Amino acid sequence: MIEAVNLTKIFRDKKRGEIFATKDVSFRVVPGEIYGLLGANGAGKTSTLRVLATLLAPSSGSAVIAGHDIVRAPEKVRAHVGFLAASTALYGRLTAREMITYFGRLNGMADAAIRARIKLLADELDMHEFLDRRCEKFSTGMKQKTSIARTLIHDPAVMIFDEPTLGLDVMTARAIVRFVRDCRARGKTVIYSTHVMSEVEKLCDRVGIIHDGRLCAEGTVGDLLTRTGETDLEEAFVKLAGIKEAA
Amino acid sequence: MNWRSIRTIYTKELRDLLRDKRTVRSMIVIPLIVMPALTFGVGKIATMVVSKARAETPSVMVLGGADSPDVITQLKKEAKINLVPEAADWAQQISDKKLRVAVRLPEKFEAGLKAGAAPTVTIYHYEGELKSGFAVGEMEKFFRGLSAQTAKERLAEHGLPATLVQPFETKRENVAPPEKVGGNTLGGILPYMIIILCFMGAVYPALDMTAGEKERGTMETLLCSPVNRVDIVLGKFLMVLTGSLSAMALSLLSMSVSFFLLGSMFGGRAAAVAGAAATSAPLPMIDPLGIFGVLAMVLPVAVLFSAVIFTVALFAKSFKEAQSYVQPMVFVIIMPAIIGMLPGIDLNARLALVPILNLSLVCKEMLSGVWHWNYIAIIFGSTCVYAGVALALAVRMFNREDVIFRT
């Protein structure tokens, strides 16, 4: 379960002063649900997710993830979260097995449990062939599979995906989408940020539209289309976000 | 603080760095092979150059002296010089290094000596040129001998003893134990080398594990783990410290082995520098306890370096940017280390608080077997405080979002 209440993140810049990355963002995601965070570049998606994953501290507001407060118990929150983003890379000089083992240990798992979990994940993700090869030599698909295994090693209840298909080829992106669906099927609470409309339509049970750091609208894809009278999600998004397009 | 997490991070960083060719180069190959090779290579070349210069028979020109045949005959008999005929361009020849020295004998030099006059012999040479310097030495030795012989003859003519002009003799004898002499010689250079090696050894791991990780995108991955950030800093910091200490230890080990293997080659030179003509040891000896003392004193300095480099590199967005921050720091480190090597600068309570310089000074004394416990305590204590502050600063920087997510 994710419950964000009035989450605000302010960055202070010497030249630009205070910048609101997110402002009073509130939403709730329940287990077995995929919540899509839809927004343009710079809308505040990454900041929101980084605050939820406790990589950044909120300036005000709060959020409870898997029963733990992000401000009071950030380590406990991270122990229940799997965070996958285009910016979370792998250690090139480690093998896939070493990489996953490392994060298993950092999550406090015993070596025997890590070994068993790696076998299970390698079976599911078809990783056996490259498990003992160094990550620096991997194809994009292999890297994504290793990253997924890294996020799942401790079997977290909450999964946070920050534009995980950014820059990936079609087949790798499809594999990621399939994996996100699997997470939902296993009863995990999933939050998924993207600016790709088709991914939202395919994946998300509910969508939150974020623009200029504010959550402008929330609902199922059908709700959003009905509310705007549009048949195309992209048009609905532009209307709901209040974006004025240049003539 | 969770030691299991710290150990996990440290072990991973060690494995990661040892697989990196650049680390192996900077932490193992350079200290183990390149540094001693450079040091001894330069030493070997210097020895060869000096030996070759000494082996050469210098060409010497006598200006004038036609009326002093006996002196010319004696000069011709000197095996260590090669007397060449007089030429008008003698000064140019010295400048061109074709001629090492020219000696001007005043008119009626021999007659003047016999008549009891005090004529002046001028030696023209090339200032600062090694071979010309050796030739000057030979000529001065010759004329000193001639001067002494003339004085002896004049005294004999008047029935006076030779001791009239040389009433007594002086001789030098070293009473300092060999380890003190050796400590004084090595005491200057050894701490300087240790300081530089400690610094250099910390640079690459610190840059790779901070700015390098940020650049490669693995820092964010690591921060996703439930490990406390203090534990992450400590795990990484211990790895930087390992790099610093291992670079120093490997260098010292490699140099010690090379030193003993090549001992005979350097023995003469080292003893000459130490002024320890009386010591029969081929190498300068140092107080073994001093070495342990130096290593103990180096530890907090290595911590200080590791924490400072870690903090500075953490601020950078990329490895390249971190390099541009750390490189100027080398001068900040070298300056106090060099000042500590200068003769005449002695340890006092004020200098004992100046980081790096205090280490350089106290090591010089410890290697000579001098133990100022009060200063040692001040230096160790103050350096520990500086190191602690630097480490606390590193933790603080790591907790700053604008530093970790600086783009």
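The structure presented is a predicted model; accordingly, all values stated were derived computationally and were not measured.

Our next topic: the overall build of chain A. The secondary structure content of chain A amounts to nine helices and 10 strands. A compact globule built from 247 residues would reach a C-alpha radius of gyration of about 18 Å, and chain A, at 18 Å, matches this within 12%. If one aligns the C-alpha atoms of chain A with their principal axes, the spans along those axes are about 55 × 40 × 35 Å. Pairs at least 24 residues apart make up 65% of the contacts formed inside chain A by residues separated by at least 6 positions. Carbon and sulfur atoms provide 49% of the accessible area of chain A, an area that totals close to 11,000 Å².

With that out of the way, let us pick up the sheet that holds strand E1 (residues 59-63) of chain B. Residues and elements named next belong to chain B. Strand order in the open sheet formed by four strands is E2-E1-E3-E4, with mixed pairing between adjacent strands. Either end of the sheet is taken by a strand with one partner, and the two such strands are strand E2 (82-84) and strand E4 (122-124). Sheet twist, expressed as the average angle between the axes of neighbouring strands with direction ignored, equals 30 degrees. Relative to E2, E1 is paired through three bridges, and the arrangement is parallel. Of the residues in E2, the one forming a bridge with methionine 61 is valine 84. Sitting on the sheet, helix H6 (residues 130-157) touches E1, strand E3 (101-104) and E4, and the angle it makes with E3 is about 30 degrees.

Residues and elements named next belong to chain A. Entries for chain A in the domain assignment read domain 1 (2-80 + 157-241) and domain 2 (90-155). A C-alpha centroid distance of 26 Å is found between domain 1 and domain 2. Each partner contributes to the interface: domain 1 provides 11 residues, whereas domain 2 provides 10 residues. In this assembly, domain 1 packs against domain 2 so that about 860 Å² is buried in total across both faces, 60% of it on carbon and sulfur atoms. Considering only the surface of domain 1 that becomes buried against domain 2, Phe179, Arg186 and Lys188 emerge as the three largest contributors, covering 39% of it. For the salt bridge of lysine 188 with aspartate 155, the shortest nitrogen-to-oxygen distance reads 2.7 Å. Run the count over domain 1 and domain 2 and you get two residue pairs in polar contact (both at pLDDT 80 or more). Listed by contribution, the elements that provide at least two residues to the side of domain 1 that touches domain 2 are helix H2 (74-79) and helix H6 (170-185).

All right, on to the packing of aromatic side chains then. One pass over the full model with this rule turns up 12 aromatic pairs over all chains. Ring centres 5.8 Å apart and planes at 80 degrees place the aromatic pair Phe161(A) and Phe179(A) in the edge-to-face group. Highlighted residues: Phe161(A) in strand E7 (residues 158-162) and Phe179(A) in helix H6, separated in sequence by 18 residues. As far as the burial class goes, Phe161(A) and Phe179(A) line up, both buried. Seen in terms of ring centroids, Trp90(B) and Tyr124(B) are 4.5 Å apart; in terms of plane orientation they differ by 45 degrees. Their pairing is tilted. Of this pair, Trp90(B) sits in helix H4 (residues 90-95) while Tyr124(B) sits in strand E4, placing them 34 residues apart in sequence. Residue class for Trp90(B) comes out buried when judged on its relative accessible area of 18%. An aromatic cluster is built from Tyr91(A), Tyr102(A) and Phe103(A), whose rings are joined through pairwise contacts. Its guanidinium or amino end placed over the ring of Phe20(A), Lys23(A) lies 4.5 Å from that ring's centre, counting from NZ or CZ. It is Lys12(B) that lies over the ring of Tyr91(A); its NZ or CZ is 3.4 Å from the centre.

What follows concerns unusual backbone geometry. One can expect most non-glycine residues to show negative phi and most peptide bonds to be in trans. The phi torsion at Glu163(A) lies on the positive side, around 40 degrees, for a residue other than glycine. Positionally, Glu163(A) belongs in the loop between E7 and H6. The backbone of Lys108(B) sits at a positive phi, close to 50 degrees, despite the residue not being glycine. Take Lys108(B): it is sitting in the loop between E3 and helix H5 (109-115). A residue is classified by how much of its surface remains accessible, and Lys108(B), at 57% relative accessible area, is exposed.

Let us look at the pairing of strand E8 (residues 189-194) of chain A. All names here are of chain A. The element E8 is extensively covered by neighbouring structure, given that six of its six residues are classed as buried. Pairing between strand E3 (residues 34-38) and E8: five bridges, direction parallel. Bridged to leucine 38 within E8 is threonine 194. Note: E7 against E8, five bridges, orientation parallel. The residue of E8 that forms the bridge with phenylalanine 161 is tyrosine 192. Handedness of the crossover joining E7 and E8 through H6: right-handed.

This part takes up the packing of helix H4 (residues 111-125) of chain A against helix H5 (residues 140-152) of chain A. Relative orientation and spacing of two packed helices are given, respectively, by the angle between their axes and the distance between those axes. Residue and element names in this part refer to chain A. Here H4 crosses H5 at 140 degrees, and the two axes come no closer than 10 Å. When the interaxial angle is binned, H4 and H5 end up oblique. In this structure, H4 crosses over H5, and the sense of that crossing is right-handed. Residues Arg117, Leu121 and Leu125 of H4 form the contact with H5, whose own contacting residues are Lys145, Ile148, Ala149 and Leu152. Classifying every residue of the contact of H4 with H5 gives five nonpolar, no polar and two charged.

Of the residues lining the interface, 30 residues belong to chain A; the matching set on chain B comes to 27 residues. Regarding the contact of chain A and chain B, the summed buried area is about 2,700 Å², with carbon and sulfur atoms giving 52% of it. Run the count over chain A and chain B and you get seven salt bridges. The salt bridge partner of Arg15(B) is Glu98(A), with a shortest N-O separation of 3.5 Å. Here chain A and chain B share 19 residue pairs in polar contact (both at pLDDT 80 or more) between them.

Conventions used here
- Residues numbered from 1 in each chain as written.
- Chains lettered and ligands numbered in written order.
- Predicted model: local features only at pLDDT ≥ 70, side-chain atom pairs only at ≥ 80, totals over all residues.
- Heavy atoms only, no water.
- Helix = DSSP H or I, 4+ residues; strand = E, 2+ residues; numbered from the N terminus.
- Rg over C-alpha atoms; globule rule 2.2 N^0.38 Å.
- Contact = heavy atoms within 4.5 Å.
- Areas by Shrake-Rupley, 256 points an atom, 1.4 Å probe, with all protein chains shown as cover.
- Pairing = 2+ DSSP bridges.
- Axes fitted to C-alpha atoms, helices over the stretch in contact; angles between N-to-C directions.
- Domains from an automatic or database assignment.
- Buried area = accessible area lost by both parts, 1.4 Å probe.
- Salt bridge = Lys/Arg side-chain N within 4 Å of Asp/Glu carboxyl O.
- Polar contact = N/O pair within 3.5 Å; in protein donor to acceptor, adjacent residues only side chain to side chain.
- Phe/Tyr/Trp six-rings, centres within 6.5 Å; stacked < 30°, edge-to-face > 60°.
- Buried < 20%, exposed > 50% of the residue type's maximum accessible area, 1.4 Å probe, protein only.
- Lys NZ or Arg CZ within 6 Å of the ring centre and 35° of its normal.
- Right-handed = clockwise from strand over helix to strand, strands pointing away.
- Parallel < 35°, antiparallel > 145°, perpendicular 65-115°, else oblique.
- Left-handed = near helix turned anticlockwise from the far one by under 90°.
- Nonpolar A, V, L, I, M, F, W, Y, C, P; charged D, E, K, R; others polar.

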